[in-house]
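Structural overview
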Amino acid sequence: MLSNSLVELDRAHLIHPVASYRGHEAAGVKVLTSARGATVTDASGHQLIDGFAGLWCVNAGYGHESIVAAAASQMRELPYATGYFSLGSEPAIRLAAELAQRAPGDLNHVYFTLGGSDAVDSTVRFVRYYWHARREPLREHFISVEQGYHGSSTVGAGLTALPAFHAGFGVPLSWQHRIPSHYVYRNPAGADDDAIIAASLAALDAKIEEIGGAQRVAAFYAEPIQGSGGVLVPPKGWMKAMRARCKAHGILFVADEVITGFGRTGPLFACSEDDIIPDLMTVAKGLTSGYVPMGAVFMSDHVYDAIADAAGSSAVGHGYTYSAHPVSAAVALEVLRLYENGLLENGARAGARLIAGLQSLRDHPLVGDVRGRGMLAAVELVTDKQRKTPLPAAAEPAKRIFDRAWKNGLVIRAFPTGVLGYAPPLCCSESEIDAIIERTARTLDDTLADAEVR
Ligand code: PMP
């Protein structure tokens, strides 16, 4: 009863993110009511393993009483403090210090945001300010990677290089450029790591040339693993090679770790594993494990100092009401403590089991590719393995696969390209990982039986 009326209210009033509005009205909302560990429960009592940790954000898993206590206690003491007027709060200051200590290299300065999109937006503003400070205002062009995702603000959606996020919105903007992805499974350069890296370097050089030379380019943006583009894992050494080439050109390198940060690929930051120190780095999602909203920009010493010196006694005019929110910061501090008290280790173990389990499905007639790192993985479905033929888009495969997995007790992300995305909470037990694999196998068999797919 309750659920039926909610479906009607939702249909009439709630606009959902990245949804076909009419399609959603027809299908109706699935209302989630509670969650513990890696399991979510819907309004009908159906229990599912959340193989996508919400939206790849609930890295710690659901139901941690210590996180609830941290938030409640902070709300009681001091629910809000602005960072304007040189004010601050203890949890925000401590969090910045703890994060800076753990971030790669000299990423010693932290600017807090509300999520990933405004973190990306903030980097664009800081990068522009930096080049003005350095008296190189002609550096106004930004380069990102096809299949990359960098948020849903106008600026971020323009850096995003996925057509679905451009259509109807008048982006990308004239100063936003893209180079092809490393997409190993479908790379025209073949599957050889060195050839793919060489092709990306050549594409970056050519793009810089096309823009009019490095003296016009401000920054290059990359995700350590492209998430929303379909969990595209670059060849080992790709990030390092791109970072070095940017340095050689004098271009700032921005690593977008909104998905990969906080244990998703194993360590706290994927950049550490890639052995790079970006000039700026964005995080969100796992920072608070989705319990409350928060994101952050990490800034290296030289970027911070250039901005600070240029501004002198003037204000750097960039700020949000909820920057460094004390409740979010208190939550993030507790989440960080949990990561470092067993969760990262459990995630690394569970991630190896997840990827091995998904690899064991390679012989299934629909499985074209299996890829991943840590607790971030994907299975790419095809109708012809030799030709790598994608699933027919007309059959709305993504929605139907999602619904089949749901019926089988598993939440996954089903991308419109026929890619199944996995990002389970790091707290998953071995038996939960095994259940994810078993339910995926059943979902694949159900999909194979679907006449429209064949
Ligand atoms: N950057 C990346 C790499 C992301 O994956 C996302 C979100 N999926 C964002 C930025 C935007 O973050 P948010 O949705 O928190 O605004």
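Residues numbered from 1 in each chain as written. Predicted model: local features only at pLDDT ≥ 70, side-chain atom pairs only at ≥ 80, totals over all residues.

Some details on the nonpolar core
Threshold: By convention in this section, buried Ala, Val, Leu, Ile, Met, Phe, Trp, Tyr and Cys residues joined through C-beta atoms within 7 Å make up a nonpolar core. Burial in this document is a count-based property: other C-beta atoms within 10 Å of a residue's C-beta are tallied, and the residue is buried at 20 or more, exposed at 12 or fewer, or partly exposed in between, with C-beta positions derived from the backbone. Think of it this way: any DSSP run of H or I at least four residues long counts as a helix, any run of E at least two long counts as a strand, and we number them from the N terminus. Boundary definitions for the domains trace back to an automatic or database domain assignment. Note on contacts: each residue gets a C-beta atom placed from the backbone, and two residues are in contact if those atoms are within 7 Å.
Membership of the largest hydrophobic core comes to 126 residues, with the highest contact counts inside it found for Phe220 and Ala296. Among the elements that line this core, the one with the most residues is helix α12 (residues 326–359), at 15 residues. The residue makeup of this core includes at least three contributed by each of domain 1 (31–63 + 340–448) and domain 2 (81–324). Apart from residues lying up to four places away in sequence, phenylalanine 220 is in contact with Ile143, Met242, Cys246, Ile251, Phe253 and Val254.

Re the site of the ligand
Basically, it comes down to this: The C-beta atom of each residue is placed using the backbone, and any residue whose C-beta lies within 6 Å of a molecule or strand is treated as near it. Each residue is assigned to one of three groups, with Ala, Val, Leu, Ile, Met, Phe, Trp, Tyr, Cys and Pro labelled nonpolar, Asp, Glu, Lys and Arg labelled charged, and all others, Gly among them, labelled polar.
Of all residues adjacent to the ligand, which total 15 residues, the nearest are Gly115, Gly116, Ser117, Gly151 and Val258. Among the elements that make up the shell around the ligand, the one with the highest residue count is helix α6 (residues 116–133) (3 residues). Tallied by class, the residues present in the shell around the ligand amount to 5 nonpolar, 8 polar and 2 charged.

A short note on the sheet that holds strand β6 (residues 176–179)
Strand pairing in a sheet relies on backbone hydrogen bonds, with the paired strands running either antiparallel or parallel. Keep this limit in mind: A pair of strands is considered paired only if DSSP assigns at least 2 bridges between the two. Fitted lines through C-alpha atoms serve as axes, helices being fitted only where they are in contact, and the angles separating the N-to-C directions of these axes extend from 0 to 180 degrees.
Pairing within the open sheet is mixed, and its 7 strands lie in the order β4-β10-β9-β8-β7-β5-β6. At either end of the open sheet lies a strand with only one pairing partner, and these are β4 (109–113) and β6. Strand-to-strand, the axes of this sheet are offset by a mean angle of 20°, without reference to chain direction. In this structure, strand β7 (residues 217–222) lies alongside strand β8 (residues 252–256), joined through 4 bridges in parallel fashion.

Regarding the sheet that holds strand β14 (residues 410–411)
With mixed pairing, 4 strands are arranged side by side in an open sheet as β1-β2-β3-β14. At either end of the open sheet lies a strand with only one pairing partner, and these are β1 (32–36) and β14. Of the strand pairs in this sheet, strand β2 (residues 39–42) and strand β3 (residues 47–50) are connected by 3 bridges, and their pairing is antiparallel. Its bridge partner being in β3, threonine 39 is matched across the sheet by isoleucine 49.

A word on the confidence of the model for the chain
Our working definition: pLDDT expresses how confident the predictor is about each individual residue, on a scale running from 0 to 100.
Residues of the chain with pLDDT of at least 70 account for 99%, and the chain-wide mean is 97. The ipTM value of the predicted complex is 0.99, and its pTM value is 0.98.

Some remarks on the domain arrangement of the chain
Looking at the chain, the domain boundaries give domain 1 (31–63 + 340–448) and domain 2 (81–324). Taken together, the contacts link 28 residues of domain 1 with 17 residues of domain 2. Where the side of domain 1 that touches domain 2 is concerned, the elements lending two or more residues are α3 (53–56), α12, β11 (367–373), β12 (376–384) and β16 (419–422). Take the side of domain 1 that touches domain 2: its biggest share by element is 5 residues, from α12.

Some details on the pairing of β3
Regular strands place their side chains on alternate faces of the sheet. Where β2 folds back on β3, the antiparallel hairpin that results is connected by 4 residues, among which glycine 45 adopts a positive phi of roughly 90°. Relative to β14, β3 runs parallel, the two being bridged by 2 bridges. Opposite aspartate 50, over in β14, you have valine 411 as the bridge partner.

As for unusual backbone geometry
Cis rather than trans, the peptide bond between valine 171 and proline 172 has omega equal to 0°. As for its placement among the helices and strands, proline 172 is situated in the loop between α7 (154–159) and β6. Unlike most non-glycine residues, arginine 135 shows phi in positive territory, near 60°. Locating arginine 135 in the fold gives a position in the loop between α6 and β5 (141–145). On the basis of neighbour counts, which here come to 7 C-beta atoms within 10 Å, the residue arginine 135 falls in the exposed class. At aspartate 275, a position not held by glycine, the phi torsion is positive, near 60°. Within the secondary structure layout, aspartate 275 lies in the loop between α10 (270–273) and β9 (280–283).

A few points about the packing of helix α8 (residues 193–211) against helix α9 (residues 238–249)
As a reminder of what qualifies: Each angle gets one of four labels, with under 35 degrees taken as roughly parallel, over 145 as roughly antiparallel, 65 to 115 as roughly perpendicular, and the rest as oblique. Should the near helix be turned counterclockwise from the far one by less than a right angle, the crossing is left-handed, whereas a clockwise turn marks it as right-handed.
Remark: α8 packs on α9, axes separated minimally by 10 Å, with the N-to-C direction vectors making an angle of 25°. With respect to α9, the element α8 is oriented roughly parallel. Both α8 and α9 take part in a crossing whose hand is right-handed. Residues Ile197, Ser200, Leu201, Leu204 and Ile208 of α8 touch α9, and the partners they reach there are Trp238, Ala241, Met242, Arg245 and His249.

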